[in-house]
Amino acid sequence: MSIISVKNIHKIYNEKTVPVHALQGVDLEIEAGEFTAIVGPSGSGKTTLLNIIGGLDRPNQGKVRLADTALEDLNDNQLIDFRKNNIGFIFQAYNLIPVLTSQENVEFVMLLQNRPKAEMHKRAVDLLKSVGLEDKLNQRPSQLSGGQQQRVAVARALASKPKFVLADEPTANLDSKSTADLLDIMARLNKEENITFVFSTHDSRVIERARRVVNMIDGKIESDEQQAV
Amino acid sequence: MLLKIAWRNIWRSKLRSFVVIGSIAIGVWSLVFLLSFSRGMIMTYIEKAIENQTSHIQVHNPAFINADVEANELEKAPYNFIQDVTKVKEALAADPKVEAFAMRSYAHQTFVGVAGKTGVANVYGINPNQEKAVTNIHSLVIEGDYFEKDKKNQILISASQAEKYNIGIRKKVVLSFTDKNGIPTKVAFRVCGIYDTKNQLQDQFNVYVRQKDLNRVLGLGEESHEIAVFVNDVDGVDAIQENLSALLPSQLVRVYDQISPEIELFNVQIQLSTFIFTFIFMLGLIFGIINTMLMAVLERMRELGMLMAIGMNKAKVFKMITLETLLLGLISAPIGMLIGTLSVGYFKRVGLDLSNFSKGMQKFGMSEIVYPESSGDMYITFGIAVLITAILGSLYPAFKAISLRPVEAIRKI
């Protein structure tokens, strides 16, 4: 059964002045355990689609169902709660909390979920170990490289035990080595723990590793293909 | 964790936080000092008034005090002396909280004539030895003596009167009274001493003679119009007043702030100026806080957007911004209070010499050296004011923060 289901999504920016049709009737189903890349050139609508799937933005038309919940039925606060408990986010610019250490950044999401302190602590350490940062628990983001920051972001995205993880151009700011390391980690988590990953990207290194590639052009899905990795 | 984040956030821009902390601290410091200064000035005035003239408590015949100037009742005033004076004396002597008391007679608005010059004076008939235990007029004699032994009709005048009438020691002063039968009587007194309280309001009118001399002129015997009472502990003055009032129901027993209405006026003035200064301070502060916190919010749009994206609800974001502002207030207010306390403490010890301005102040009975005096209430008021201002100042930035839409906030940068 689909964990993500979007039907006939339309998104128009600047509706009253110069309308931009960012999405024009997009349909997409994503199953649990997928490792999917949404690709396309700049302005093709992939980030807009990802924002709508992530409940960060609302479509002008169409329906979004995530893990059996219709997003249009939720108000802003319910949507925040939904995101907190169901979706992990990885941003292009890492977006860690600069005043917290790696471990605190990972714990923070669990704190929002009111998890017990001991559990928070153990899970944060385990997750940071799994992304190879066991020796960086007490470093702040400014003391980490871009690749290390993005690995903390992966650990943070997983901390809330989300139903799926959305990553918006996660490798855009990383060098080849960091990109390869990050992709290895995410592929391993996908394989071993069946975590669903959806990326938006135009990085060929990411596209090569994806098992499904959804290609977008001008706000529409141009092709949707499975590929062997 | 929210508190930890808020705490660390305020140190992200150290310079900006230090500027805000510094300005709040200086504001609190100046408020503490300014109000302690005016409080000290008024307290000194009250102390001087008590020491020089009023003493802590006075007992009168109610008719003496309530005599209406307009109705010419003042002429009858000499006969409104204290009833049952023995009973009053016994009551005062029996009260262990009463340190001393002095009997006084009084003649309102007496006509004074000195070598062709005329004026008006309030004549106090005092018992020099009793008076020494109650007020310090004896120690303020700058020329001559505080009454010479066994000499009749001596008068103590002030330095400003001596200057006004251009007279000195041993010179003659003629006072005009209306005697018991309503007949005007002129009596000559000789200046034995000149005093100076530095309070021109008082010195302008008050002259002192022996009570027995004044009573003889007024046709009174052993009677007194006023009993001035000095107590051991000024904080217990209201309790003593209550006690004496109950013992002496036919007499009017008043404490110093009831006797001198300007003291009450000054107290109101302190309260009012505390309120006004605090309000102006809060108004200035609130704009500073809004400005700083708004900058802090706008600088962190992407971060705030991210926090809301990963599930931090609006209430928590609001709380975080408010907490940051509150922490700034909680750091700076005590610093301001500490510097305020230290500077008030220093000047309370050495005094703040305002002799350059004292001529104008003396006219109103103010001392030329002011000892600032803070009070606990003051600190509580300022503490609460800073916290309220911090909360109010954080509201707009906090609303601004929660009105961000995560997707837009993340995209902004």
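Throughout what follows, the structure given in this document is the object of discussion. Quantities reported herein were computed from a predicted structural model and do not represent experimental measurements.

1. A few points about the overall build of chain A
Then step 1. Looking only at helices and strands, chain A has seven helices and ten strands in total.
Then step 2. Expected size for 229 residues packed as a compact globule is a radius of gyration near 17 Å; at 17 Å, chain A falls within 12% of this value.
Then step 3. C-alpha atoms of chain A, sized along the principal axes, occupy 50 × 40 × 35 Å.
Then step 4. Taking all 229 residues of chain A together, the buried fraction comes to 55%.
Then step 5. Relative to all contacts within chain A whose residues are 6 or more apart in sequence, the contacts with residues 24 or more apart total 69%.

2. Digging into the overall build of chain B
Then step 1. When you go through chain B residue by residue, the secondary structure sums to 16 helices and twelve strands.
Then step 2. Taken over C-alpha atoms, the radius of gyration comes to 31 Å for chain B, far larger than the 22 Å a tight globule of 413 residues would show.
Then step 3. For chain B, the spread of C-alpha atoms along the three principal axes comes to 100 × 45 × 40 Å.
Then step 4. A buried classification covers 52% of the 413 residues belonging to chain B.
Then step 5. The contacts of chain B with a sequence gap of at least 6 include a subset with a gap of at least 24, amounting to 76%.
Then step 6. Just so you have it, chain B exposes about 19800 Å², and 59% of that area is on carbon and sulfur atoms.
Then step 7. Within chain B, one finds 42 positive and 38 negative side-chain charges whose respective centroids are separated by 11 Å.

3. Some remarks on the packing of aromatic side chains
Residues and elements named next belong to chain B.
Then step 1. Scanning the entire structure with this criterion turns up 14 aromatic pairs over all chains.
Then step 2. Between Trp7 and Trp11, the ring centres sit 5.6 Å apart and the planes meet at 75°, which makes this aromatic pair edge-to-face.
Then step 3. Each ring, one from Tyr45 and one from Phe266, has its centre 5.1 Å from the other, and the planes form 90°; the classification is edge-to-face. With Tyr45 in helix H2 (residues 14–54) and Phe266 in helix H11 (residues 261–299), this residue pair connects regions lying 221 residues apart in the sequence.

4. Focus on the interface of chain A and chain B
Then step 1. On the chain B side, the residues contacting the 28 residues of chain A number 23 residues.
Then step 2. Each partner contributes to the roughly 2300 Å² buried at the junction of chain A and chain B, and carbon and sulfur atoms together form 65% of this total.
Then step 3. Our count for the contact surface shared by chain A and chain B stands at four salt bridges.
Then step 4. Where Arg8(B) meets Glu104(A), a salt bridge forms, and the shortest distance between an N and an O atom there is 2.7 Å.
Then step 5. Applying the counting criterion to the chain A and chain B interface returns six residue pairs in polar contact (both at pLDDT 80 or more).
Then step 6. Elements with a contribution of two residues or more to the side of chain A that touches chain B: helix H2 (76–86) and helix H3 (102–112) of chain A.
Then step 7. Ranked by residues supplied to the side of chain A that touches chain B, first place goes to H3(A) with six residues.
Then step 8. Partitioned by chemical class, the residues of the side of chain A that touches chain B number 15 nonpolar, four polar and nine charged.

5. Observations regarding the nonpolar core
Then step 1. Ranked by size, the top nonpolar core spans 80 residues in total, and within it Ile4(A), Leu49(A), Ile53(A), Leu66(A) and Phe108(A) carry the most contacts.
Then step 2. Of all the elements, helix H13 (residues 314–350) of chain B adds the most residues to this core, at ten residues.
Then step 3. Those residues in contact with Ile4(A) that sit more than four places away from it in its chain are Leu28(A), Glu29(A), Ile30(A), Ile53(A), Arg65(A), Leu66(A), Phe164(A) and Val198(A).
Then step 4. With 34 residues, the next largest nonpolar core counts Leu128(A), Val131(A), Val154(A) and Ala155(A) among its residues.

6. Some remarks on helix H4 (residues 85–94) of chain B
Residues and elements named next belong to chain B.
Then step 1. All buried positions along H4 are accounted for by Val88, Ala91 and Leu92. Each buried residue of H4 sits inside an arc of 95° when the element is viewed along its axis, so together they form one side. Those residues of H4 that are exposed and angled more than 90 degrees off the buried face are Thr86, Glu90, Ala93 and Ala94.
Then step 2. In the core, the buried residues of H4 are packed alongside strand E1 (57–60), strand E2 (98–114), strand E9 (226–231) and helix H9 (237–247).

7. Quick notes on the packing of helix H1 (residues 2–10) of chain B against H13(B)
Residues and elements named next belong to chain B.
Then step 1. One can describe the packing of H1 onto H13 by two numbers: an axis separation of 9 Å at closest approach and a directional angle of 55°. With respect to H13, the axis of H1 lies oblique. Crossing of H1 over H13 shows right-handed handedness. Listed contacts from H13 to Leu2, Leu3, Ile5, Ala6, Trp7, Asn9 and Ile10 of H1 are Lys316, Lys319, Met320, Leu323, Glu324, Leu327, Leu328 and Ile331.

Analysis parameters
Each residue is numbered by its place in its chain's sequence as written, counting from 1. Here the convention is simple: chains get letters from A, ligands get numbers from 1, in the order in which they are written. Confidence filtering applies because this is a predicted model: local features only for residues at pLDDT of at least 70, side-chain atom pairs given and counted only at 80 or more, and all residues used for totals across whole chains, interfaces and linings. Side-chain numbers come from the whole structure's heavy atoms, not from hydrogens or water. Runs of E in the DSSP output that reach at least two residues are strands. Runs of H or I that reach at least four are helices, and both are numbered from the N terminus. When we talk radius of gyration, it's over C-alpha atoms, and the globule rule is simply 2.2 Å times the number of residues to the 0.38. Relative accessibility under 20% of the residue-type maximum defines a buried residue, over 50% an exposed one, and the middle range a partly exposed one, all with a 1.4 Å probe and only protein chains included. What makes two residues a contact is simply this: any of their non-hydrogen atoms within 4.5 Å. Residue exposure ignores everything except the shown protein chains as possible cover, and the areas themselves are Shrake-Rupley values with a 1.4 Å probe. We treat Lys and Arg as the positive residues and Asp and Glu as the negative residues; His and chain ends play no part in the count. Positions of charges follow a simple convention, taking NZ of Lys, CZ of Arg, CG of Asp or CD of Glu. Put simply, two rings from Phe, Tyr or Trp (the six-membered ring, in Trp's case) pair if the centres are within 6.5 Å, and we call them stacked under 30 degrees between planes, edge-to-face over 60, tilted for the rest. Buried surface area refers to the total accessible area, computed with a probe of radius 1.4 Å, that the two partners give up upon joining, counted for both partners together. Salt bridges are identified by distance alone: a Lys or Arg side-chain nitrogen within 4 Å of an Asp or Glu carboxyl oxygen. Polar contacts here mean pairs of N or O atoms no more than 3.5 Å apart (in protein, one a potential hydrogen donor and the other a potential acceptor; neighbouring residues in sequence count only if both atoms are side-chain atoms). When residue character is reported, Ala, Val, Leu, Ile, Met, Phe, Trp, Tyr, Cys and Pro are called nonpolar, Asp, Glu, Lys and Arg charged, and the others, Gly included, polar. For this analysis, a nonpolar core means a set of buried residues of the types Ala, Val, Leu, Ile, Met, Phe, Trp, Tyr and Cys, connected via side-chain atoms within 4.5 Å. This arc is taken over the directions from the axis of the helix to the C-beta atoms. The axes are straight lines fitted to the C-alpha atoms, using for helices just the contacting stretch, and the angles between their N-to-C directions are given from 0 to 180°. In these notes the angle categories are as follows: under 35 degrees is roughly parallel, over 145 is roughly antiparallel, 65 to 115 is roughly perpendicular, and the rest is oblique. The sense of a crossing depends on the near helix, which, turned anticlockwise from the far helix by less than a right angle, makes the crossing left-handed and, turned clockwise, makes it right-handed.

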